[in-house]
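Per-entry structural report
Listed below, chain by chain, are the residues.
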There are 6 protein chains.
Amino acid sequence: MPYINLKITKDGVTREQKQQIVAEFTQTLVRVLGKKPEHTHIVIDEVDTDNWGFAGMLTTDYRTGKR
Amino acid sequence: MPYINLKITKDGVTREQKQQIVAEFTQTLVRVLGKKPEHTHIVIDEVDTDNWGFAGMLTTDYRTGKR
Amino acid sequence: MPYINLKITKDGVTREQKQQIVAEFTQTLVRVLGKKPEHTHIVIDEVDTDNWGFAGMLTTDYRTGKR
Amino acid sequence: MPYINLKITKDGVTREQKQQIVAEFTQTLVRVLGKKPEHTHIVIDEVDTDNWGFAGMLTTDYRTGKR
Amino acid sequence: MPYINLKITKDGVTREQKQQIVAEFTQTLVRVLGKKPEHTHIVIDEVDTDNWGFAGMLTTDYRTGKR
Amino acid sequence: MPYINLKITKDGVTREQKQQIVAEFTQTLVRVLGKKPEHTHIVIDEVDTDNWGFAGMLTTDYRTGKR
């Protein structure tokens, strides 16, 4: 009964990329742990870079070098 | 001190449905565990079907039969 | 595709209480939102009262009146 | 390796407030636990008041006194 | 800045299996999204089968056929 | 209505350290956002270093230099 929550920054991830991630994560759990695909749920949260803190600052600021 | 995070697909859930869910979940915790309503928080996340993986594919694809 | 994470303090909750909670939460989602039971997962985390902060203090301290 | 998920109601929190929260939470973990800032991630979820249940009702209703 | 939370039932998962899962999930994010391994954190929660509800019952009961 | 989930590695964090973290996080939310302490919940999860993946490996391995 696996459940995965993936949090990534909102950077224009495409449907194809999401499909690829979901397919690969599921395959890993099937192959390594013998889990059933129909018991495997994956929720992807795309987080605004203003809402992701890293190293004490917002990721937006981290990326623009405002450090 | 209960905290609930409910994740569902974004399918046009109405305010009335959310009110009903919050009321019933809280009643269950009060009745079964003796919790206080004013200590009970419930966060509902509505997730785009492109962001919910199930059975190795996106829920959007799963529903449209693109399997 | 609902997923629920319930966090409660570790207070000797019994199997019967967990069964009751899981049954009722699932029934609520089936009745109010038309969800399928076999797509509904509920994870219960029982948290030590030293690991649950409330009102600026640990729940252990809050309960013993060390406020 | 700390990871923090902060959930707050969506009430027009500003960038400056987010910067302040991220800076202070990180400083607390560095000072109290000796964590490294570059290993510290903080995700802020701003939740619509219709999606936050409190005391058995939606926060929107709780605030407008529909109790 | 990806963060993954993987929840699985506590079924005697070995260190080698955890290593394999962490390596593969990270590789997927590096290959598909161009993420940096040193920004990628994965937390694995192993959940007692009495604490995982599925299809309206505890997983322990679901598995022993007490349906 | 803030809710915080803090995940840290299980490294012998003391009660005093937890008290300090809970007090400071709550003070930050009160001061910066005007939140009420009695609406602020903080759950601390201490994660075994074998269950925390970082940079593609388990934190246990990362720390012992098995890179």
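All figures in this text were calculated on a predicted structure; none of them were measured in a lab.

Moving on, we get to the overall build of chain A. From N to C terminus, chain A includes two helices and four strands. For chain A, whose C-alpha radius of gyration is 15 Å, the value lies well above the compact-globule estimate of 11 Å for 67 residues. Along the first, second and third principal axes, the C-alpha atoms of chain A reach 45 × 25 × 15 Å. Out of the 67 residues in chain A, the part that is buried amounts to 61%. Taking as baseline every contact in chain A between residues at least 6 positions apart, the subset at least 24 positions apart corresponds to 62%. Here chain A displays about 2600 Å² of accessible surface, and carbon together with sulfur accounts for 47% of that area. When the 10 positive and 9 negative side-chain charges of chain A are each reduced to one mean point, those points stand 5 Å apart.

So, on to the pattern of salt bridges. Taken as a whole and assessed by the stated rule, the structure comprises 48 salt bridges over all chains. For the salt bridge of Arg-63 of chain B with Asp-11 of chain B, the shortest nitrogen-to-oxygen distance reads 2.9 Å. Placement of Arg-63 of chain B in helix H2 (residues 59–63) and of Asp-11 of chain B in the loop between strand S1 (3–9) and helix H1 (15–33) is noted, with a sequence separation of 52 residues between them. Several salt bridges converge on common partners, so that one network encompasses Lys-7 and Asp-45 of chain A, Lys-7 and Asp-45 of chain B together with Lys-7 and Asp-45 of chain D.

Time to look at the interface of chain C and chain F. Taken residue by residue, the interface counts 14 residues in chain C and 16 residues in chain F. Linking chain C to chain F there are three salt bridges. Asp-61 of chain C is the salt-bridge partner of Arg-15 of chain F, the closest N and O atoms lying 2.9 Å from each other. Counting across the chain C and chain F interface gives 10 residue pairs in polar contact (both at pLDDT 80 or more). Those elements that provide at least two residues to the side of chain C that touches chain F are strand S3 (52–54), strand S4 (57–58) and helix H2 (59–63) of chain C. Take the side of chain C that touches chain F: its biggest share by element is three residues, from S3 of chain C. Among the residues making up the side of chain C that touches chain F, the classes are represented as six nonpolar, four polar and four charged. Strand direction decides the pairing type here: S3 of chain C and strand S2 (residues 41–47) of chain F, joined by three bridges, are antiparallel. Counted as the bridge partner of Phe-54 of chain C is His-41 of chain F from S2 of chain F.

Turning next to the side chain of Thr-40 of chain D. Structurally, Thr-40 of chain D can be placed in the loop between helix H1 (15–33) and strand S2 (41–47). Within the structure, the side chain of Thr-40 of chain D is placed 2.9 Å from the backbone oxygen of Lys-36 of chain D, a separation counted as a polar contact.

Packed helix pairs are characterised by how far apart their axes lie and by the angle those axes make with each other. Remark: helix H1 (residues 15–33) of chain A packs on helix H1 (residues 15–33) of chain E, axes separated minimally by 10 Å, with the N-to-C direction vectors making an angle of 165°. Of the possible angle classes, the one that applies to H1 of chain A and H1 of chain E is roughly antiparallel. The handedness of the crossing between H1 of chain A and H1 of chain E comes out as right-handed. Residue-level contacts link Gln-17, Gln-20, Ile-21, Glu-24, Phe-25, Thr-28, Leu-29, Arg-31, Val-32 and Leu-33 of chain A of H1 of chain A to Gln-17, Gln-20, Ile-21, Glu-24, Phe-25, Thr-28, Leu-29, Arg-31, Val-32 and Leu-33 of chain E of H1 of chain E. In the contact of H1 of chain A with H1 of chain E, the residues fall into 10 nonpolar, six polar and four charged.

This brings us to the interface of chain F and chain D. Contacts between the two partners involve 27 residues from chain F and, on the opposite side, 27 residues from chain D. Carbon and sulfur atoms make up 69% of the surface buried where chain F meets chain D, a total of about 2400 Å² over both sides. Summed over the shared surface of chain F and chain D, the result is four salt bridges. Between Arg-31 of chain D and Glu-24 of chain F there is a salt bridge; the shortest N-O distance is 2.7 Å. Residue assignment for the side of chain F that touches chain D shows that the elements contributing at least two residues are strand S1 (3–9), helix H1 (15–33), strand S3 (52–54) and helix H2 (59–63) of chain F. In terms of residues, the side of chain F that touches chain D owes the most to one element, H1 of chain F, which gives 10 residues.

Time to look at the packing of aromatic side chains. Residue and element names in this part refer to chain D. Scanning all chains against the criterion turns up 12 aromatic pairs over all chains. Ring geometry for Phe-54 and Tyr-62: centres 4.9 Å apart, planes at 85°, overall edge-to-face. Phe-54 gets classed as buried once you look at its relative accessible area, which sits at 3%.

Let's shift gears to the confidence of the model for chain A. Confidence along chain A averages 96 in pLDDT terms, with 97% of residues attaining 70 or more. Two summary scores accompany this predicted model of the complex, namely pTM at 0.96 and ipTM at 0.96.

What follows is about the relation of the copies chain F and chain D. The operation linking the two copies of the chain is a rotation about an axis combined with a translation along the axis. Overlaying chain F with chain D gives an RMSD of 0.0 Å, the required rotation being 180° about an axis along which the chain moves by 0.0 Å. Overall, the copies show the geometry of a two-fold rotation axis. Across chain F, the rotation axis passes nearest the C-alpha of Asn-5 of chain F, at a separation of 2.6 Å. Mapped onto chain D, 100% of the interface residues of chain F again fall at the interface, so both copies present the same surface.

On to the sheet that holds S2 of chain D, then. With mixed pairing, eight strands are arranged side by side in an open sheet as S4(A)-S3(A)-S2(D)-S1(D)-S1(F)-S2(F)-S3(C)-S4(C). In the strand order of this sheet, the two ends are held by strand S4 (57–58) of chain A together with S4 of chain C, each with one partner. When strand S1 (residues 3–9) of chain D meets S2 of chain D, the two strands line up parallel, connected through seven bridges. Bridge assignment links Leu-6 of chain D to a residue of S2 of chain D, and that residue is Ile-44 of chain D.

Rules behind the numbers
Residues numbered from 1 in each chain as written. Chains lettered and ligands numbered in written order. Predicted model: local features only at pLDDT ≥ 70, side-chain atom pairs only at ≥ 80, totals over all residues. Heavy atoms only, no water. Helix = DSSP H or I, 4+ residues; strand = E, 2+ residues; numbered from the N terminus. Rg over C-alpha atoms; globule rule 2.2 N^0.38 Å. Buried < 20%, exposed > 50% of the residue type's maximum accessible area, 1.4 Å probe, protein only. Contact = heavy atoms within 4.5 Å. Areas by Shrake-Rupley, 256 points an atom, 1.4 Å probe, with all protein chains shown as cover. Lys, Arg positive; Asp, Glu negative; His and termini not counted. Charge placed at Lys NZ, Arg CZ, Asp CG, Glu CD. Salt bridge = Lys/Arg side-chain N within 4 Å of Asp/Glu carboxyl O. Polar contact = N/O pair within 3.5 Å; in protein donor to acceptor, adjacent residues only side chain to side chain. Nonpolar A, V, L, I, M, F, W, Y, C, P; charged D, E, K, R; others polar. Pairing = 2+ DSSP bridges. Axes fitted to C-alpha atoms, helices over the stretch in contact; angles between N-to-C directions. Parallel < 35°, antiparallel > 145°, perpendicular 65-115°, else oblique. Left-handed = near helix turned anticlockwise from the far one by under 90°. Buried area = accessible area lost by both parts, 1.4 Å probe. Phe/Tyr/Trp six-rings, centres within 6.5 Å; stacked < 30°, edge-to-face > 60°. pLDDT = per-residue confidence, 0-100. Least-squares fit on C-alpha atoms with pLDDT ≥ 70 in both.

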